[in-house]
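Next come the chains, spelled out residue by residue.
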Amino acid sequence: MAKSQKVQRAAIAVALDHTLKYIYKNPQENLVKLAERVGGIFGGLFPKENFEKFKQNRARPARRTALQCAVHYFV
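Computed from a predicted model, the values in this text were never measured in an experiment.

Rules behind the numbers
- Residues numbered from 1 in each chain as written.
- Predicted model: local features only at pLDDT ≥ 70, side-chain atom pairs only at ≥ 80, totals over all residues.
- Heavy atoms only, no water.
- Helix = DSSP H or I, 4+ residues; strand = E, 2+ residues; numbered from the N terminus.
- Buried < 20%, exposed > 50% of the residue type's maximum accessible area, 1.4 Å probe, protein only.
- Areas by Shrake-Rupley, 256 points an atom, 1.4 Å probe, with all protein chains shown as cover.
- Salt bridge = Lys/Arg side-chain N within 4 Å of Asp/Glu carboxyl O.
- Expected span 1.5 Å × (residues − 1).
- pLDDT = per-residue confidence, 0-100.

1. A few points about the overall build of the protein chain
Logical step 1: Regarding its fold elements, the protein chain presents 4 helices and 0 strands.
Logical step 2: When the helices and strands of the protein chain are placed in sequence order, the string is α-α-α-α.
Logical step 3: Burial statistics for the protein chain: of 75 residues in total, 8% are counted as buried.
Logical step 4: Of the accessible surface of the protein chain, which amounts to about 6,800 Å², a share of 62% is contributed by carbon and sulfur atoms.

2. Overview of the pattern of salt bridges
Logical step 1: In this structure the tally under the stated criterion is 1 salt bridge.
Logical step 2: For the salt bridge of Lys 21 with Asp 17, the shortest nitrogen-to-oxygen distance reads 3.5 Å. Residue Lys 21 and its partner Asp 17 are both found in helix α1 (residues 3-25); the two are separated by 4 residues, about one turn of the helix.

3. Looking at helix α2 (residues 27-42)
Logical step 1: Helix length check: α2 (16 residues) gives 21 Å between terminal C-alpha atoms against 22 Å at 1.5 Å per residue, within 8%.
Logical step 2: Among all positions of α2, only Asn 30, Val 32, Ala 35 and Gly 39 are buried.

4. Some points on the confidence of the model for the protein chain
Logical step 1: Predicted confidence across the protein chain gives a mean pLDDT of 76, with 72% of residues reaching 70 or more.
Logical step 2: Highest mean pLDDT in the protein chain belongs to α1 (89); lowest belongs to helix α4 (residues 66-74) (59).

Dropping the structure here:
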């Protein structure tokens, strides 16, 4: 593998690492912000209503799984 390819891979790895750290800080808000930026960059690649549905679904509180309900019930 050429040095230029290694540098490109390292740069992509760093960018992805920073993006994931940003999302993990506050997933509810930061994932929506990232989706808005991606929508601006990729424009017509995805239908606009997909981004709107995504934003609405992220705004709702997450549903509890059956295990979480059981733990909450017995604790």
